[in-house]
Amino acid sequence: MAVFCNNNRNLVLPQEICGIICQDPALARCDLHALCAVSRAFRDEAERLLYVSARLRGTRGIKSFCIAVIRRPHLALRIRKIMLLMPPQMDLEADDLARITKALRFCANLKDLYTLKDDSRAVSDKPGDAVHTWILEGHAFSLKRFVNNYFQPQVLAEFLKFQPSLETLVVKCRGPAEICDAPLPMLKNLDSSAATIQEFSTPSSYKRKIERLQFELLQSTDVEELATFVALTRFSDTLKSLSVLRKDGQNGLDIAVLLACVAQQLPDLKYLRIIDYTTKMETLHVPFLPFPMQFTKIETLILVPPKRIYSPNGLANSLASANISISSFNELRTEGGRRTAVQRIMAVLATLKRLVLENLG
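Computed from a prediction, not measured in an experiment: that's the story for all the values here.

Participant: I keep staring at the overall build of the chain and nothing clicks. Help me out?
Facilitator: Within the chain, the regular secondary structure consists of 11 helices and 16 strands. Each of the 361 residues in the chain was classed as buried or not, and the buried ones make up 44%. The contacts of the chain with a sequence gap of at least 6 include a subset with a gap of at least 24, amounting to 61%. Summing over all exposed atoms, the chain offers an accessible surface of approximately 18,800 Å²; the carbon and sulfur share of this is 53%.

Printed below as a string of structure tokens:
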């Protein structure tokens, strides 16, 4: 209970009242931190909420957290989610790594672990290059979700072999991740590179029932994209959701051909999202998605077509004329054209419930 003094009288708040106060949705994490200093009762209730998840940035923040849970192991047992925004590998000393290892050893009930680069100082798309994955190994926790762009994916295979309960795996990389040696029997959601998707599609003794896939096509050619979409056949029995992000390329498949390939390999998809951030050099005067798509169960279709950059005054180097993004499909540049395209798609896909088409005139 919490005890307060008012005009020489003690006011007693039961532990339950302290708990109700701490659970007020209006309170931010900083408010819960402040309540920790009010009384032991408030501290116990506030810590119970504060230590369910932790978002730790940089060497100082990670060190402070590690010291807290090492000194008070009961706090570590409450933690279900940790997001480590790690500094560059060269900024970490041996004591820092040992402290992280010891803290994770106490987090026996951890379910979600994020090991991410701290890009607060300089945003970079460069994949992670850290190799000290031994800080993750040999602990009692059994993860449901693991997200990584900090470690080199090739060194994660041994860690993943001992995470049989993993359901969601996000490994950001540009090439193959080389993690297929990990059985991952419960894996349902996979987000990685196109090369990693191809790795998981190869025949294996491990039986996986992947339901949701997301991958990125970066500077890909039509041949590379075709190989990736053919590989999706491996997941046709279980896959229900597919999300594709394409960017920084001009030599990939036409978006209509891409959709036709997906429909051919995965006719039972329920959710499909294709975000095309590539730029075309010419205007396409053909109708948007003129081909029939052989989806039988599709319910949600989200499409961002490729764009074309043009200068309104025809002066590419003029400071007075800014480059503007417009749709590469002439049909999608007017409201009437977009309405026609939507009606055509809805007529072909009888099961479709939700269609999102980026409005880019």
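Participant: Sorry if this is basic, but what is going on with the pairing of strand S9 (residues 212-218) here?
Facilitator: Looking along a regular strand, one sees the side chains alternate between the two faces of the sheet. On S9, burial follows the alternation: Leu213, Phe215 and Leu217 on one face are buried, whereas Arg212, Gln214, Glu216 and Leu218 on the facing-out side are not. Pairing between strand S8 (residues 189-193) and S9: five bridges, direction parallel. Across the sheet, the residue bridging to serine 192 is phenylalanine 215, located in S9. Pairing of S9 with strand S10 (residues 241-247), which is carried by seven bridges, proceeds in the parallel orientation. Paired with phenylalanine 215 across the bridge in S10 is valine 244.

Participant: Could you clarify how one ought to interpret a nonpolar patch on the surface in this entry?
Facilitator: On the surface, Ile17, Ile20 and Ile21 cluster together into a nonpolar patch covering about 240 Å² of accessible area. Mapped onto the fold, isoleucine 17 is located in helix H1 (residues 15-22).

Participant: What is the right way to look at the packing of aromatic side chains in this model?
Facilitator: The geometry of an aromatic ring pair is captured by two quantities: the separation of the ring centres and the angle between the planes. Per the counting criterion, the structure on display carries four aromatic pairs. Relative to phenylalanine 159, the ring of phenylalanine 146 has its centre 5.2 Å away and its plane inclined at 65°; by these criteria the two rings are edge-to-face. With phenylalanine 146 in strand S6 (residues 145-148) and phenylalanine 159 in helix H7 (residues 157-161), this residue pair connects regions lying 13 residues apart in the sequence. On the basis of relative accessible area, phenylalanine 146 is assigned to the buried category, the value being 0%.

Participant: Which parts of the structure should I look at to understand the pattern of salt bridges?
Facilitator: It is possible for side chains bearing opposite charge to pair when their charged atoms get close. Across all of its chains, the model carries 12 salt bridges by this definition. Between lysine 161 and glutamate 158 there is a salt bridge, with its nearest N and O atoms 3.7 Å apart. Of this pair, lysine 161 and glutamate 158 are both found in helix H7, three residues apart, which corresponds to roughly one turn of the helix. Judged by its relative accessible area of 40%, glutamate 158 is partly exposed. Each of Glu225, Arg246 and Asp276 takes part in one network of salt bridges that share partners.

Participant: Can you help me understand empty space enclosed by the protein in this one?
Facilitator: In this approach, a probe sized like a water molecule rolls over the atoms, and the result shows the empty space that is left. Scanning the entire structure with this criterion turns up four cavities of 30 Å³ or more. Here the largest cavity defines a volume of roughly 50 Å³. Lining of the largest cavity is provided by Thr59, Ile62, Lys63, Cys66, Leu92, Asp96, Arg99 and Ile100. Of all the secondary structure elements, the ones that give two or more residues to the lining of the largest cavity are helix H4 (58-71) and helix H6 (94-106). The element that contributes the greatest number of residues to the lining of the largest cavity is H4, accounting for four residues. A class-by-class count of the residues in the lining of the largest cavity yields four nonpolar, one polar and three charged.

Participant: Is there a simple way to explain the sheet that holds strand S5 (residues 112-117) in this structure?
Facilitator: The parallel open sheet is built from 11 strands, whose spatial order is S3-S4-S5-S6-S7-S8-S9-S10-S11-S13-S16. Either end of the sheet is taken by a strand with one partner, and the two such strands are strand S3 (53-57) and strand S16 (354-357). Going from strand to strand, the sheet's axes swing by 5° on average, the running direction of each strand aside. Packing of helix H8 (residues 194-201) onto the sheet brings it into contact with S8 and S9, and relative to S8 it is tilted by some 125°. With respect to the sheet, helix H9 (residues 222-231) is in contact with S9 and S10, its orientation differing from that of S9 by roughly 170°.

Participant: Is there a simple way to explain the side chain of aspartate 112 in this structure?
Facilitator: Note on placement: aspartate 112 falls in strand S5. Put simply, aspartate 112 is tucked away with no salt bridge, and the nearest opposite charge, on arginine 145, sits 4.0 Å away. With near-sequence residues (within four places) excluded, aspartate 112 lies in contact with Arg80, Lys81, Ile82, Leu143, Lys144 and Arg145.

Conventions adopted
Residues numbered from 1 in each chain as written. Predicted model: local features only at pLDDT ≥ 70, side-chain atom pairs only at ≥ 80, totals over all residues. Heavy atoms only, no water. Helix = DSSP H or I, 4+ residues; strand = E, 2+ residues; numbered from the N terminus. Buried < 20%, exposed > 50% of the residue type's maximum accessible area, 1.4 Å probe, protein only. Contact = heavy atoms within 4.5 Å. Areas by Shrake-Rupley, 256 points an atom, 1.4 Å probe, with all protein chains shown as cover. Pairing = 2+ DSSP bridges. Patch = residues over 30% accessible without salt bridge, like charges linked within 9 Å, V, L, I, M, F, W, Y side chains within 5 Å. Salt bridge = Lys/Arg side-chain N within 4 Å of Asp/Glu carboxyl O. Phe/Tyr/Trp six-rings, centres within 6.5 Å; stacked < 30°, edge-to-face > 60°. 1 Å grid on protein atoms, 1.4 Å probe; cavity = no way out; pocket = protein on both sides within 12 Å on 5 of 7 lines; lining within 4 Å. Points joined across faces, edges and corners; volume = space filled by probe spheres on them. Nonpolar A, V, L, I, M, F, W, Y, C, P; charged D, E, K, R; others polar. Axes fitted to C-alpha atoms, helices over the stretch in contact; angles between N-to-C directions. Lys, Arg positive; Asp, Glu negative; His and termini not counted.

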